[in-house]
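Residue-level listing of the chains:
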Amino acid sequence: MKNKRFLIVAAVICLALVVAIMPLGSACAPKAKPGQVLKVGMTTPTTGAAAEKGSPMGHANLDAIEYVNAELGGAGGYPIEVSWLDSGYDAAKVATIVKRFMDEKCLVFTTASSAEMTWAMEIANRAEFPGLASFTAPSIYRPPKHIYGQMPDYGDDWTAFANYYLKNIWKGSGKPKMALHLLNNSTGYGARDAAKAMAEKLGIEIISTDEHTATTISEMESLTRIKTKNPDVLYISSTPKPTAVIIKNARDLGMFPGVTVGLGHASITKALVDIAGADIVEGVYGVFPTVNWGDNVPGMAKMTEYCQKLHSKDYGNMDYITSWAQSLIVAEILKLAVKNAGYDVLAKGDVESWRAIETQGIQKLKDFKVGGLHGPASYTVGDNRLSKSVRVFQIKKGAITPITDWVDAPMVKYEEFPWFGK
Amino acid sequence: MSLPCGTRDYTYDTDMAILRTRTHWVLLIGLLVFVFTLPLYLGNYWLGVSNLIGITLIAATGLNILIGYCGQLSIGHAGFIAVGAYTAAILTNRLELPFLVGLLCAGLTAGLIGLVFGIPSVRVKGFYLAITTIAAQFIIIWVINHWGITGGFVGIKVPYASIGGFVFKSEASQFYLITTIAILCTFLAKNLARTRVGRAFIAVRDNDLAAEVMGINLFYYKLLAFFIGCFLAGIAGSLLAHWVGFMNAEHFTLTESILYIGMIIIGGLGTTLGPILGVILIRLLQQVLMVQVVPFLESTFTALPAGFATGIAPMLFGLVIVLFLILEPRGLAHRWILLKSAYRLWPFSY
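Here the structure is a predicted model, which means the values were calculated and not measured.

(A) Structural detail: the overall build of chain B. For chain B, the helix and strand inventory stands at 15 helices and four strands. Expected size for 350 residues packed as a compact globule is a radius of gyration near 20 Å; at 21 Å, chain B falls within 12% of this value. Counting only C-alpha atoms, chain B reaches 60 × 55 × 45 Å along its principal axes. In chain B, which comprises 350 residues, the share counted as buried stands at 46%. Within chain B, counting contacts between residues at least 6 apart in sequence, those at least 24 apart form 75% of the total.

So this is what it looks like as structure tokens:
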């Protein structure tokens, strides 16, 4: 009898404890009330000169956020609301887009191209509005302010490729001779800056630096000039269309195969193979900061599922992976900021919220795996690149095939060079 | 200027005045009050759009003097704006000179560069002159990209505009600065058209041979039109540089130059009101398509091929411009005049 009474008392106490603890349990995972959202601004060049990259990137950004909201319960329990705008790759539009994002109380904004971020960065830096660019160049965050790079920049591509070339391809004596062919904006000049800073140290001779426009239709003249200098390597930092033109012209001139062709990450995408043709670009090397489609990484299955479901034509495009990963990083930043600063601070959508996003979100990123889709994202003081590693790829039978594991790209303090930005 | 029935001018001063009736004054003051109180109702985004409209208006007014009044076709206007922007950027960033010095020098430098590219106008006109001004666009941008002091392809930072210790940091303060200068430039353009110089410009535009026979120095007046048009482009460039805070040559594309011509044609060539209406229409159309139409299309027509829905926006933009040119080839300013006449005569048809 005594035991029975004891059991009843114990059961009542347990029940009372469970009832008392239940609210605490729900408090651990905050649940958003109706209307409580975390707002993010995203812009991509879905029309205009860079639409072949911007279009799949815009889709990936939005598809990933849909996945985060539908299957992960948003960021820290709050749904993410995206304000997406097409920049048209137009400087004046980008200037107004950033202001709109700030007006709409977005907590952070993203861009796809380094050019878009170049047009936006000063407005954002002045307001302390944090931004995250997929593709970046050193000029965007050197010296570091409020703009962050999702992945290594075009300069890091050059350094990684140069290292790989020296260790694995170069068999001659002395310094290999490299010719640079660069798009006439930050995409090309990121690589130029790295070459200026690192070529001497690595033991590479830069024999020429040529520029081309995004709309070039022939580079026979510049390549003929380059050919007379007998380069060992031709490095192109550009976008797919002009890269295809340059490689075709190099083939026509008999330079390639023969000269090693290396590409920065804005060049080596499925669009390049589609535009140039698989036989033309066969054997070309390139550096890219994400995995390839079909690789065995944890985040691949969901990304593939959403891509096939929502934008099946983008399947196989590596730019899609980049922007999908960008949205995952944004979600992680928001999650960390909710956890560390609280929703109330973020709800204001003002400069206080932006500071919280930076100090309690971005700068708290530590080894975030991004589903294995690219190198882990971490913040290091003084280095606004979040992911710092790339892989070298080669085009084999039309497929962009990885030939190395992740290679870390060291930080270069460009601002310490007197020529930087001049 | 046509006046309401019964209104007479009794002195030369009233005959020459821009605002000749009490209604004119009331409407102008009302408009100015509305414009200068915009920061009270608008957020930063719409103030930003207003600032972009103000800057574009200054440049378009310059182009209107060149094309609309003097008949000298220029397709390199964005290049001249770039000259102003980079002059201001270099003077205020690298040499740390005051904003007003940068602003004035931006106008003067762009004006002087305009003179250089305007010299062919003495020998060639029409499409031939257009081709020579396209050269200005390419040469200027090439120099900017390859000259170290401009920051090359990377670009150059530009500090906030400041006058006498007051820094124009907020969007609202920048709005007052840009709007004030835009109003002054419009006033200048309005008055210029009524002076001897303005009449000479119109004579050159309508028939340069006849103008020369009348004693108008073609060389002087054509180059003067280039100087004034490019001076205003330089002023616009300076304001753009301080507003955006960072300049690279991609702000000044050939497409922008062509868009400027589109704006003044749609607004109405050779009128002061034309550039105002054209600039407002085009800039607002761009924003509405970008902010409202594109996201709507992209989210609504998901079954369409990737990028198709978004691609409709530029098509719509082109269609609107084509329709304007077909339905109102003399520009919005002409439509406004018809509207005013109809209002005056109502209920009679003529």
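(B) Summary view of the overall build of chain A. In terms of regular secondary structure, chain A is built from 15 helices and 13 strands. In summary, chain A has a C-alpha radius of gyration of 24 Å against a globular reference of 22 Å for 422 residues, a match within 12%. In terms of overall dimensions, chain A has a C-alpha envelope of 100 × 45 × 40 Å along the principal axes. Split into buried and exposed, the 422 residues of chain A put 55% on the buried side. Across chain A, contacts joining residues at least 24 apart in sequence account for 71% of those joining residues at least 6 apart.

(C) View of helix H6 (residues 154–169) of chain A. Over its 16 residues, H6 of chain A extends 21 Å from the first C-alpha to the last, a length consistent with the 22 Å expected when each residue adds 1.5 Å. Those residues of H6 of chain A lying buried are Tyr-154, Gly-155, Asp-156, Asp-157, Trp-158, Thr-159, Ala-160, Phe-161, Ala-162, Tyr-164 and Tyr-165 of chain A.

(D) Summary view of the environment of Thr-109 of chain B. Residues and elements named next belong to chain B. Within the element layout of this structure, Thr-109 appears in helix H6 (residues 99–118). Sequence separation between Thr-109 and Leu-184 is 75 residues; the distance between their C-alpha atoms is 20 Å. With residues near it in sequence (within four places) discarded, Thr-109 still touches Val-83, Gly-84, Thr-87 and Gly-234.

(E) Focus on the environment of Arg-391 of chain A. All names here are of chain A. Tracing the chain through its elements places Arg-391 in strand E11 (residues 389–396). A residue is classified by how many C-beta atoms lie within 10 Å of it, and Arg-391, with 22 of them, is buried. A C-alpha to C-alpha distance of 9.2 Å links Arg-391 and His-374, two positions 17 residues apart in sequence. Among all residues touching Arg-391, those that are not within four sequence positions of it are Phe-288, Pro-402, Thr-404, Asp-405, Trp-406 and Val-407.

(F) Just the interface of chain A and chain B, in detail. At the junction of the two partners, chain A supplies 34 residues and chain B supplies 33 residues. Taken together, the elements giving at least two residues each to the side of chain A that touches chain B come down to helix H2 (51–71), strand E2 (80–86), helix H3 (91–103), helix H4 (114–127) and helix H7 (186–202) of chain A. Of all the elements, H3 of chain A adds the most residues to the side of chain A that touches chain B, at nine residues. For the side of chain A that touches chain B, the residue count by class is twelve nonpolar, twelve polar and ten charged.

(G) Seen up close, the sheet that holds strand E5 (residues 147–149) of chain A. Residues and elements named next belong to chain A. What the five strands build is an open sheet, ordered E2-E1-E3-E4-E5; its pairing is parallel. In this open sheet, the two strands that pair with only one neighbour each are E2 and E5. Geometrically, the sheet is characterised by an average inter-axis angle of 25° between neighbouring strands, direction not taken into account. Inspection of the sheet shows strand E1 (residues 38–44) paired to E2 by seven bridges, in the parallel sense. Bridge pairing links Lys-39 to Glu-81 in E2. Helix-sheet contacts for helix H13 (residues 318–341) involve E1, E2, strand E3 (108–111) and strand E4 (131–133), and the interaxial angle to E3 is about 170°.

(H) View of the confidence of the model for chain B. Looking at chain B as a whole, its pLDDT mean stands at 88, while 95% of the residues score no less than 70. Helix H11 (residues 218–244) of chain B holds the highest mean pLDDT among the elements of chain B, 95, whereas helix H14 (residues 308–327) of chain B holds the lowest, 77.

(I) Structural context of the packing of helix H5 (residues 77–94) of chain B against H11 of chain B. Residues and elements named next belong to chain B. For the pair H5 and H11, the least separation of the axes is 6 Å and the interaxial angle reads 55°. When the axis of H5 is compared with that of H11, the two are oblique. Considering only the axes of H5 and H11, their crossing is right-handed. Contact residues: His-77, Phe-80, Ile-81, Ala-82, Val-83, Gly-84, Ala-85, Thr-87, Ala-88 and Ala-89 in H5; Cys-230, Ala-233, Gly-234, Ile-235, Ala-236, Gly-237, Ser-238, Leu-240, Ala-241 and His-242 in H11.

(J) Structural detail: the pairing of strand E6 (residues 177–183) of chain A. Residues and elements named next belong to chain A. E6 sits mainly inside the fold: six of its seven residues count as buried. Two strands pair when backbone bridges link them, and E6 and strand E7 (residues 205–212) are joined in this way by seven bridges, in the parallel orientation. In the sheet register, His-181 faces E7, and the bridge partner there is Asp-210. Between the parallel pair E6 and E7, the chain is carried across by H7, and the sense of this crossover is right-handed. Summarising the sheet, E6 and strand E8 (residues 233–237) pair through five bridges and their orientation is parallel. What sits directly across from Leu-180, in E8, is Tyr-235.

About the thresholds
Residues numbered from 1 in each chain as written. Chains lettered and ligands numbered in written order. Predicted model: local features only at pLDDT ≥ 70, side-chain atom pairs only at ≥ 80, totals over all residues. Helix = DSSP H or I, 4+ residues; strand = E, 2+ residues; numbered from the N terminus. Rg over C-alpha atoms; globule rule 2.2 N^0.38 Å. Buried ≥ 20, exposed ≤ 12 C-beta atoms within 10 Å, placed from the backbone. Contact = placed C-beta atoms within 7 Å. Expected span 1.5 Å × (residues − 1). Nonpolar A, V, L, I, M, F, W, Y, C, P; charged D, E, K, R; others polar. Pairing = 2+ DSSP bridges. Axes fitted to C-alpha atoms, helices over the stretch in contact; angles between N-to-C directions. pLDDT = per-residue confidence, 0-100. Parallel < 35°, antiparallel > 145°, perpendicular 65-115°, else oblique. Left-handed = near helix turned anticlockwise from the far one by under 90°. Right-handed = clockwise from strand over helix to strand, strands pointing away.

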